[in-house]
Protein chains: 2
Amino acid sequence: MEKSAFQKARDSYKPVLPKGLRTAVGLKEDETTACIANQDEIKAMFPNTYGMPVVEFVEGEEACYEQMNTGVILSGGQAPGGHNVITGLFDTLKKLNPENRLFGFLLGPGGLVKHKYIEITETFINDFRNTGGFDMVGSGRTKLETVEQFEKGYEILKYLNIRSLVIIGGDDSNTNACVLAEYYKAKNYGIQVIGCPKTIDGDLKCEEIETSFGFDTATKVYSELIGNIERDCNSARKYWHFIKLMGRSASHIALECALQCHPNVCLISEEVKEKDMSLNDIVDYLCKVISYRADRGMNYGVILIPEGLIEFIPAIGRLIDELNDLLAFHGDDYRFMSHGEQREYILNHLSEANKRTFETLPSEVARQLSLDRDPHGNVQVSLIETEKLISKMCAAKLKKWKESGKFKGKFASQHHFFGYEGRCAAPSNYDTNYCYALGASAAHLIANGKTGYMATVRNTTAPKDEWKAGGIPITSLLNMERRNGEMKPVICKALVDLKGRPFKELMMHRDEWSKETAFVYPGPVQYWGPSEVCDRTTITLALERQK
Amino acid sequence: MEKSAFQKARDSYKPVLPKGLRTAVGLKEDETTACIANQDEIKAMFPNTYGMPVVEFVEGEEACYEQMNTGVILSGGQAPGGHNVITGLFDTLKKLNPENRLFGFLLGPGGLVKHKYIEITETFINDFRNTGGFDMVGSGRTKLETVEQFEKGYEILKYLNIRSLVIIGGDDSNTNACVLAEYYKAKNYGIQVIGCPKTIDGDLKCEEIETSFGFDTATKVYSELIGNIERDCNSARKYWHFIKLMGRSASHIALECALQCHPNVCLISEEVKEKDMSLNDIVDYLCKVISYRADRGMNYGVILIPEGLIEFIPAIGRLIDELNDLLAFHGDDYRFMSHGEQREYILNHLSEANKRTFETLPSEVARQLSLDRDPHGNVQVSLIETEKLISKMCAAKLKKWKESGKFKGKFASQHHFFGYEGRCAAPSNYDTNYCYALGASAAHLIANGKTGYMATVRNTTAPKDEWKAGGIPITSLLNMERRNGEMKPVICKALVDLKGRPFKELMMHRDEWSKETAFVYPGPVQYWGPSEVCDRTTITLALERQK
């Protein structure tokens, strides 16, 4: 494997562990926990793993640890730092007992079910220290949900004499880890299950989980690119750049990038929903900003759009819901109609309110919503190029305004979508250290006999000496939600809090940013050099943890 | 202006000048030059600036310099380092005589003609040291070509008592600088004109000009992103990523990125032309690579496509030429036809060979070629989404191969276009120093009474102490070429040399890279840290200058 100069230099970086994990480690147990809602139901569903205490690792007494084998799984979309969770886990397991062994299940949770694995050894792992990507063992989107899968997994775990399993994933994967922990405990299989909070989307967090790993690096990569485009925009002075940012549901990524780069506009899906804005309201707002700047000679700017926006527009959400039902039910006769007939059919069957929404949609979007269904019968919203849709609608409205004399400028646009560029970047110093510590925490949770916990590292806005490692019972994060028509216990997704400090910061400045050109250029992620450049956290985290 | 931590830290970076420019500067004159072709014609057109010697700056004797005013213009597309040419120019002018003044013409050459300018002062310039973008004075695409423009420019230069003008631009802008230098000299206006080699495309180079500035930084930014996508590709293992890279004509950017990242395929426009490949030949080649990997379980990979590809495909180039003539001539009757009628009309009027090419094109491309003409009557090739076109054609061919049993894999694709992300990045250490030295060279060329020169900095693959600053007469780079139907003296564009070392390096490895997954991840541009990471040049330059 040929390596770049950067990779070689980065190989030798030594992540720093929180003080409590450096030498002999002790365990401090807090009060017992309850879950955030539906306590009785969830307590009943998780009799063996409910109500456990939050734990913290502190300096402790030297101890001897029995030999044990551990398995690890990367689940779902890539996030910078995944490899370092595994190196932190590996190094700590070896420190606890040099005879400990670590197995990686291949290509995600499917590897556990299909019994595909490798043993992770010192020589093998060294090539992956401080690197991006999930290519060490691969990842996958198989969901561990059924008893059959749990039993298939148990077969291979028993065969390899594995006593503990670490699942690195987002909210759904950690929900599944929680169910699996309960199942193995109830069955008395003697297998502990530990989760780790991963996702660039930043929507798996709470008081105890300051951030999901990868969010820091990914938002820095996107901010580098947005800053570069802003500088180009401000140099060429002829385009409006519409930039869509990955993040299927929550708008944390767009918000963080806006706080870093000060674009002219950053749409926040959660706000659109809260204010019951229509697509037309959004376009109207953008056109006002464009027109204001045009009146002052500035026919250029930068607009950030979160990927999940469309589904958060309440009217479109309701329309999609009704369309899903309608097309699922009338699928077969419908399929052989012409496009015109399909449109006619839809308009005849929709409720009045949704019909009005459907009629206002640009024709391509209407087509997209009428045609494509994924295997579950849902519309594939991600196929809608929201950035182009919105810019096209702006162009149409500005043309009308121009005719009536309301808009006097020029409007030309460029479109970008950033997602794949950031998911596998080399982890920032923050994610490098945070992930390594998460892996080390997971090892100590295992050594202390814990199951159904998620590894945590807290106080990460303080100097590294003051970082605190520990764990939180996953059950404490659960509530009941409807999924595929059934009520299920799931981890509550952390959407952008419209009363939280990061959003308020945006609100405080956005009027100024929309009028002036207040661009800030964050530059690329730096790994060496001044600490205020290399080691800064996200602005979101800094604001959230402000005392 | 609020600045990021990165911007603040970068403000204080001090570029290092080549030894010859550090203290007192002397001038070493080489032999006189001839131009690369059409010597007699060009000599006759440039009687005052033809045949001048190449010059180099060496340590010299302390001298006194008269006060003078200078103007500077940024011309054409942005490239990282433009601001540092101006800071190098400014600092050196002030060192030569603290009373010297520098004026920046606004928004490109148009600023000279329209008399829009600002004075560049110490406090003003400090905010732009080592930054990307051209926002210090803006840029523009007005071409300085007519006597009327030259005289308009002279008016303001005389008014501001400006005795020298530095034009920072690509091949066309430097050609125009050359014509302007000759004109002012012939008229005895006492105004010197100096050019500086700028373009991320890397196609303005020769023995004396090692690289155009911006190429280093832009290719590093694109390589960062390509590397990140490669890592994602190799982690998710489910997509072929088709990445189009900016570079209107030459394929230097794609080639350099390929040498840095080892993608599965990198198309080179110059090779496609040389081998007279058709669009179908290209697609066939790609499908063979995709199929080979699919047979070995690898349904994923990365393909780089230079932006200018379409026009280099000889059959399509010939088709476009004929279409341009056809549609320019028959424009009016044609405009009111339906799409079907237009297609019919085109097929009825094209020559046999071009008709066959037209018929093989996917319908959207055929439409694009039949419809859109820019104000000059040319087809807007840049509107064709080559990366999507090629991936679509691959999908269609693989589907046929699948039916016949020739292809047994899966094919899913993602598309990216990188351009705006790199043009205004903060300049790499290389471009920071190179540009600053170019600006300093320009100042010394002026101080030594030169005109019609381009500033040069050579030996840049050696340690900075051994860099050599100087200048080359622009006339020596000229040859006669047909432009808009007329023979004109222009700087010969440096396309990818199919016999040169960089292309040979690609040839030597590309078979292996197409079969194996040999990805290399260059990481983001680093400004601090190990020198082998921060100060490396491009691989193209290193190979070209290898002894």
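See the structure above.
Things to note about the overall build of chain A
- When its secondary structure is counted, chain A shows 23 helices and 15 strands.
- Principal axes of the C-alpha set define a box for chain A whose edges measure 80 × 60 × 45 Å.
- Per-residue burial over chain A gives 62% buried out of 547 residues.
- Contacts in chain A between residues far apart in sequence, at least 24 positions, make up 78% of those at least 6 positions apart.
- Summed over its atoms, the accessible surface of chain A is roughly 21600 Å², and 49% of this surface lies on carbon and sulfur atoms.

Concerning the relation of the copies chain A and chain B
- Between chain A and chain B, the superposition needs a rotation of 180 degrees and an axial shift of 0.0 Å, giving an RMSD of 0.0 Å. When the rotation and shift are considered jointly, the pair of chain copies conforms to a two-fold rotation axis.
- Both copies share a contact surface, since 100% of the interface residues of chain A are interface residues in chain B too.

With respect to the sheet that holds strand 11 (residues 413-418) of chain A
Residues and elements named next belong to chain A.
- Judged by pairing direction, the sheet is parallel, and its four strands sit side by side in the order 9-10-8-11 without closing on themselves. The open sheet is flanked by strand 9 (265-266) and strand 11, the only strands paired with a single partner.
- Here strand 9 pairs with strand 10 (residues 301-306) via two bridges, running parallel. Bridge pairing in strand 10 links Val265 to Ile303.
- Relative to strand 10, helix 9 (residues 252-261) is tilted by about 155 degrees, and along the sheet it contacts strand 8 (240-245), strand 9 and strand 10.

Digging into unusual backbone geometry
- Positioned with a positive phi, His262 of chain A is a non-glycine residue whose angle comes to about 55 degrees.
- On the secondary structure map, His262 of chain A appears in the loop between helix 9 and strand 9.
- With a phi angle near 60 degrees, Asn188 of chain B is a residue other than glycine that sits in the positive phi range.
- Following the sequence through the fold, Asn188 of chain B ends up in the loop between helix 7 (171-186) and strand 7 (192-197).

Thoughts on the interface of chain A and chain B
- On the chain B side, the residues contacting the 58 residues of chain A number 58 residues.
- Of the roughly 4400 Å² buried where chain A meets chain B, counting both sides, 54% is carbon and sulfur surface.
- Linking chain A with chain B are six salt bridges.
- Salt-bridge contacts for Glu385 of chain B lead to Lys388 of chain A; the nearest nitrogen and oxygen are separated by 3.6 Å.
- Along the contact surface separating chain A from chain B lie 24 residue pairs in polar contact (both at pLDDT 80 or more).
- Sorting the residues of the side of chain A that touches chain B by element identifies helix 1 (5-11), helix 8 (215-236), strand 11, helix 19 (420-423) and helix 22 (531-534) of chain A as the ones contributing at least two each.
- If one sorts the elements of the side of chain A that touches chain B by residue count, helix 8 of chain A sits on top with ten residues.
- For the side of chain A that touches chain B, the class distribution of residues is 25 nonpolar, 19 polar and 14 charged.

What to know about the pairing of strand 4 (residues 101-105) of chain A
Residues and elements named next belong to chain A.
- Among the five residues of strand 4, four are classified as buried, and the element is accordingly described as predominantly covered.
- Pairing of strand 3 (residues 69-74) with strand 4, which is carried by four bridges, proceeds in the parallel orientation. Residue Asn69 lies in a different strand from strand 4, and its bridge partner there is Arg101.
- Remark: the strand 3/helix 3 (residues 82-96)/strand 4 crossover connection has right-handed handedness.
- With four bridges connecting them, strand 4 and strand 5 (residues 117-120) associate as antiparallel partners. The residue bridging Gly104 from the neighbouring strand is Ile118, located in strand 5.

Focus on helix 7 of chain B
Residue and element names in this part refer to chain B.
- Counted at 1.5 Å a residue, the expected span for helix 7 with its 16 residues is 22 Å, and the 23 Å between its end C-alpha atoms agrees.
- Within helix 7, twelve of the 16 residues are buried, which leaves it mostly tucked inside the rest of the structure.
- Those residues of helix 7 lying buried are Asp171, Ser173, Asn174, Thr175, Asn176, Ala177, Cys178, Leu180, Ala181, Glu182, Tyr183 and Tyr184.

Some words on the nonpolar core
- Core analysis: the biggest nonpolar cluster contains 156 residues, and Ile86, Tyr222 and Leu245 of chain A together with Ile86, Tyr222 and Leu245 of chain B have the highest contact counts within it.
- Residue contacts for Leu245 of chain B: discarding those within four places in its chain leaves Tyr222, Ile226, Ile253, Ala254, Cys257, Leu304, Ile305, Pro306, Glu307, Phe417 and Phe418 of chain B.

Observations concerning the pairing of strand 12 (residues 453-458) of chain A
Residue and element names in this part refer to chain A.
- With five of its six residues buried, strand 12 lies for the most part within the structure.
- Two strands pair when backbone bridges link them, and strand 7 (residues 192-197) and strand 12 are joined in this way by two bridges, in the parallel orientation. Bridge pairing in strand 12 places Ile194 opposite Tyr453.
- Here six bridges tie strand 12 to strand 13 (residues 468-473), and the two strands are oriented antiparallel to one another. Considered in strand 13, the bridge of Thr456 is made with Gly470.

Rules used throughout
- Residues numbered from 1 in each chain as written.
- Chains lettered and ligands numbered in written order.
- Predicted model: local features only at pLDDT ≥ 70, side-chain atom pairs only at ≥ 80, totals over all residues.
- Heavy atoms only, no water.
- Helix = DSSP H or I, 4+ residues; strand = E, 2+ residues; numbered from the N terminus.
- Buried < 20%, exposed > 50% of the residue type's maximum accessible area, 1.4 Å probe, protein only.
- Contact = heavy atoms within 4.5 Å.
- Areas by Shrake-Rupley, 256 points an atom, 1.4 Å probe, with all protein chains shown as cover.
- Least-squares fit on C-alpha atoms with pLDDT ≥ 70 in both.
- Pairing = 2+ DSSP bridges.
- Axes fitted to C-alpha atoms, helices over the stretch in contact; angles between N-to-C directions.
- Buried area = accessible area lost by both parts, 1.4 Å probe.
- Salt bridge = Lys/Arg side-chain N within 4 Å of Asp/Glu carboxyl O.
- Polar contact = N/O pair within 3.5 Å; in protein donor to acceptor, adjacent residues only side chain to side chain.
- Nonpolar A, V, L, I, M, F, W, Y, C, P; charged D, E, K, R; others polar.
- Right-handed = clockwise from strand over helix to strand, strands pointing away.
- Expected span 1.5 Å × (residues − 1).
- Core = buried A, V, L, I, M, F, W, Y, C linked by side-chain atoms within 4.5 Å.

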